[in-house]
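# Observations on the model geometry
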Amino acid sequence: MKKYDTLSEQIQALQKIGYTGNFDLKNDRIHAGEKLELHPDEFVIDQFYRYEGPSDPGDNNILYAISSDKYKIKGLLVNAYGANGDTISAEMVKKLDIRGRQESGAVTEADAD
């Protein structure tokens, strides 16, 4: 998928192809609404996109496009990285650690077409 210049444009493009859930990160789970919680082994990261603010280091975000075959759901998670990143479990850090996964070739940041 094409990488857009802004986070909001990327979100809109992913929503158009079915990533309609809004996910929240809470310690060792991703919450998809009030009743559904996804553990790290229940979802995959299909794509991710990094966005950095032009002048504010606190404006660094990663947009994850996530799917779960088990729950038949696709959605988006926006998370800060760097100094403002969330405090999460070691298992979730491993799942969301894109640097290690990039080095192994397991996942790549979606490039602009």
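Residues numbered from 1 in each chain as written. Predicted model: local features only at pLDDT ≥ 70, side-chain atom pairs only at ≥ 80, totals over all residues. Heavy atoms only, no water.

## Let's talk about the pairing of strand β5 (residues 60-68)
- Counting buried residues along β5, nine of its nine residues qualify, which places the element largely inside the surrounding structure.
- With burial as the criterion, each face of β5 is covered, one bearing N60, I62, Y64, I66 and S68 and the other bearing N61, L63, A65 and S67.
- One ladder, built from eight bridges, connects strand β4 (residues 44-52) with β5; its direction is antiparallel. The residue bridging E52 from the neighbouring strand is N60, located in β5. (Buried < 20%, exposed > 50% of the residue type's maximum accessible area, 1.4 Å probe, protein only. Helix = DSSP H or I, 4+ residues; strand = E, 2+ residues; numbered from the N terminus. Pairing = 2+ DSSP bridges.)

## Some points on the packing of aromatic side chains
- Under the criterion given, the structure shown has zero aromatic pairs.
- A cation over a ring is seen here: K3 above Y51, with NZ or CZ 5.1 Å from the ring centre.
- Note that K74 overlies the ring of Y19, its terminal NZ or CZ placed 4.5 Å from the centroid. (Phe/Tyr/Trp six-rings, centres within 6.5 Å; stacked < 30°, edge-to-face > 60°. Lys NZ or Arg CZ within 6 Å of the ring centre and 35° of its normal.)

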